[in-house]
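Per-entry structural report
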Amino acid sequence: MTDPTNLLTKSLITAAPLGPLSLPGLLAALVRDEVDSFPALRPHQAPAWHMFLTQLGALAMHRDGRTELPEDESDWRDLLRGLTPNFSDDAPWRLVVEDWTKPAFLQPPVPKAVKLENKVPTPDALDLLITSKNHDLKQAVAQIAAPEDWAFALVSLQTGEGYGGSGNQGIARMNGGSSSRPMVALAPLPMGGKAMTPRPGAWLRRDIRTLLETRESELRRYAPFAYPETDGLGLVWLAPWPETTQLQLRQLDIWFIEICRRVRLSARGATISAVKGVSKATRIDAKAFKGALGDPFAPVHKTENKSLTLGEGDFDYGRLTALLLSGDWDLPLLARPAPFEGVGDTMALVCAALSRGNSKTDGFKSRVLPLDGRKAHSLGARRKALFELAQEQMGDIDIFDKALGHALAMVAAGGVRDNIKKEHYGHATGARVAFDRAVDAIFFDHLWARDAAQQQGAEALKAEQTKFRSTLLKHAKAAFDAALPAIPCASLFRPRAEARARGAFAGRLHHAFPDLFAKAPAEDADHAA
């Protein structure tokens, strides 16, 4: 009887609308662009799953010398088995292998001296997500779990986990144990429609093709790591993991799929559970490189030579402006237009990462920024001009933000400007956050429009600048009006405080942007009469 947890032969992964598929069947369906989504995949697992499939597909095709993506399940099964020729029983592709001296899927062999004693009853308890006080996303609640839930959790954990306390080591592809692995990549969008979500298959085809076509140049680029051209270890879970023994980068393929924890799954009937253990050292000796290892998905800071750490932030307009336009960051390979992509292609920049701190997370952060081919290419050719325009926009935003904060703080201070203290500004926080979110949604649309206007001339640029400031004024007013009733103020002084706050708000903005408050000619005529 064949193993019911063998990902190569059993249909264990649900892909809508096709239903359950084997791993090679899934890759074939993706290449044919027949997959809409993965219903069992949790949102924070999606980036790791895409990166895993991309690296796996590229490794398998390179090892076999293939250049054309196969559309047949049997072809993909042969390609994947070509990565594990020493395992006729498909052990590296099985979720459960009782013989712990052999690898299982994303589970390295366990040396006899190593003990795995921490029981893991559910896949969500195995997953990398760590939440403050277990509030945001409850752990260990998936009591009825399918094999695919364990497969997704393994991919998420082994390719994205950070340091989790003594003996719980993190991956190599991140800048320090309290960081996270980011994904910043271009993806094709469906042509002729308004869909803002990439098709999984078209995206996978694009990324695998890009990796294959740029392998030689990327190996030259990362020559200091001495990644071997051929025969490097691609599936890190195949190798034995003796205690204190680390893999060196020169032993690995440039597209290596890593592991960071000692884990083994077992089955009792149809129920799967896991045990895990600790390790004295990280699996890969790469701490000194701060995550800058040639990851095709991770931006690297040019001067500090470290991969992006999202920290407690988000992929907001400030972060994206820094990443895309400041010149301080090297965009990863898959975030740059591929050699075969032109200005007429419809693209999106997909950004995702876990906002992670010391043994906690601040949530999963993601953003899809639509870019046509012209804009994607302009990130290189017109980067400096775009950065200057973006800085001007952020300067305008800052003026509105400070005017909003000052005006609402004045209400809390009873309308007396000299009484405003730091704690009064705290009452304006919600309004300023709401304003910033509204601005974030329009920032890049205005940036592209401003760039196009700049190329038309000074008059067009001024008109677009005024349009942006008018939009900021609308959002700032909305945030002010929504927040005003909730600002604490003694009822005796409230009329005065609100009147003075409105005056201060308008006064600051009038001083900075007098054109926004210029009276219309008809209004002037009425006053003259």
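Quick caveat, the model's predicted, so the values are computed rather than measured. Residue numbers restart at each chain and count upward from 1, following the sequence in its written direction. Reporting of local features is limited, given that this is a predicted model, to residues whose pLDDT is at least 70; pairs of side-chain atoms are given and counted only at 80 or more, and all residues count toward the totals for whole chains, interfaces and linings. Side-chain numbers come from the whole structure's heavy atoms, not from hydrogens or water.

Points about the pattern of salt bridges
Oppositely charged side chains can pair when the atoms bearing their charge come close. This is how the line gets drawn: Between Lys or Arg on one side and Asp or Glu on the other, a salt bridge is scored when a side-chain nitrogen of the former is within 4 Å of a carboxyl oxygen of the latter.
Applying the stated criterion across every chain, the model contains 27 salt bridges. A salt bridge links Asp64 to Arg66, with the nearest nitrogen and oxygen atoms 3.9 Å apart. Overlapping salt bridges, with partners in common, bring together Asp3, Asp89, Arg94 and Lys102 in one network.

Considering the packing of aromatic side chains
What characterises a pair of aromatic rings is the spacing of the ring centres plus the angle enclosed by the ring planes. Which entries qualify depends on this criterion: Side-chain rings of Phe, Tyr and Trp, where Trp is taken by its six-membered ring, are said to pair if the distance between their centres is within 6.5 Å; with planes under 30 degrees apart they count as stacked, over 60 as edge-to-face, and otherwise as tilted. Secondary structure follows DSSP: runs of H or I at least 4 residues long count as helices, runs of E at least 2 residues long count as strands, and numbering of each begins at the N terminus. Only protein chains enter the calculation, and the probe is 1.4 Å; a residue is then buried if its accessible area is under 20% of its type maximum, exposed if over 50%, and partly exposed in between.
Per the counting criterion, the structure on display carries 15 aromatic pairs. With a centroid separation of 5.2 Å and an interplanar angle of 10 degrees, the aromatic rings of Phe480 and Phe505 are classed as stacked. Of the two residues, Phe480 sits in helix α12 (residues 458-483) while Phe505 sits in helix α13 (residues 494-512), which places them 25 residues apart along the sequence. Judged by relative accessible area, Phe505 falls into the buried class, the value being 6%.

Re the sheet that holds strand β7 (residues 262-268)
To keep it simple, the criterion reads: Two strands qualify as a pair provided DSSP detects at least 2 bridges between them. Note on definitions: angles span 0 to 180 degrees between N-to-C directions of axes, and those axes are lines fitted to C-alpha atoms, for helices only across the stretch in contact. Contact definition: two residues touch when any of their heavy atoms are within 4.5 Å.
In space, the three strands of this open sheet follow the order β3-β8-β7, with antiparallel pairing throughout. Looking along the sheet, the strands with just one partner apiece sit at the ends: β3 (118-120) and β7. Mean inter-strand twist for the sheet, computed between neighbouring axes without regard to direction, equals 30 degrees. In terms of strand pairing, β7 meets strand β8 (residues 271-277) through seven bridges, oriented antiparallel. Note on β8: the bridge partner recorded for Val263 is Lys276. Helix-sheet contacts for helix α5 (residues 147-160) involve β3, β7 and β8, and the interaxial angle to β7 is about 175 degrees.

Points about the packing of helix α7 (residues 317-325) against helix α9 (residues 383-412)
What counts here: An angle below 35 degrees is treated as roughly parallel, one above 145 as roughly antiparallel, one from 65 to 115 as roughly perpendicular, and anything else as oblique. Helix crossings are classified by the rotation of the near helix relative to the far one: an anticlockwise turn of less than a right angle makes the crossing left-handed, while a clockwise turn makes it right-handed. Asp, Glu, Lys and Arg are counted as charged, while Ala, Val, Leu, Ile, Met, Phe, Trp, Tyr, Cys and Pro are counted as nonpolar; the rest, among them Gly, fall into the polar class.
It is the contact of α7 with α9, at a shortest axis distance of 10 Å, that shows an interaxial angle of 160 degrees. Here α7 lies roughly antiparallel to α9, going by the angle between them. Between α7 and α9 lies a crossing whose hand is left-handed. Facing Tyr317, Gly318, Thr321, Leu324 and Leu325 of α7, the residues of α9 in contact are Arg383, Leu386, Phe387, Ala390, Met394 and Ile397. Residues of the contact of α7 with α9, tallied by class, amount to eight nonpolar, two polar and one charged.

Description of the packing of helix α2 (residues 46-64) against helix α6 (residues 200-221)
Where α2 contacts α6, the two axes come as close as 9 Å, and the packing angle between them is 45 degrees. In this view, α2 runs oblique relative to α6, as classed from their interaxial angle. Considering the relative orientation of α2 and α6, their crossing is right-handed. Taking contact as the criterion, the partners of His50, Leu53, Thr54, Gly57, Ala58, Met61 and His62 in α2 are, on α6, Trp203, Leu204, Asp207, Ile208, Leu211, Leu212 and Arg215. Split by residue class, the contact of α2 with α6 holds eight nonpolar, four polar and two charged.

Section: unusual backbone geometry
Backbone torsion omega between Ala16 and Pro17 reads 5 degrees, so that peptide bond is classified as cis. Its place among the elements puts Pro17 in the loop between β1 (13-15) and β2 (19-21). Residue Leu106 is not a glycine yet carries a positive backbone phi of 55 degrees. By the secondary structure assignment, Leu106 is in the loop between α3 (73-82) and β3. Exposure remark for Leu106: the relative accessible area of 0% places this residue in the buried category.

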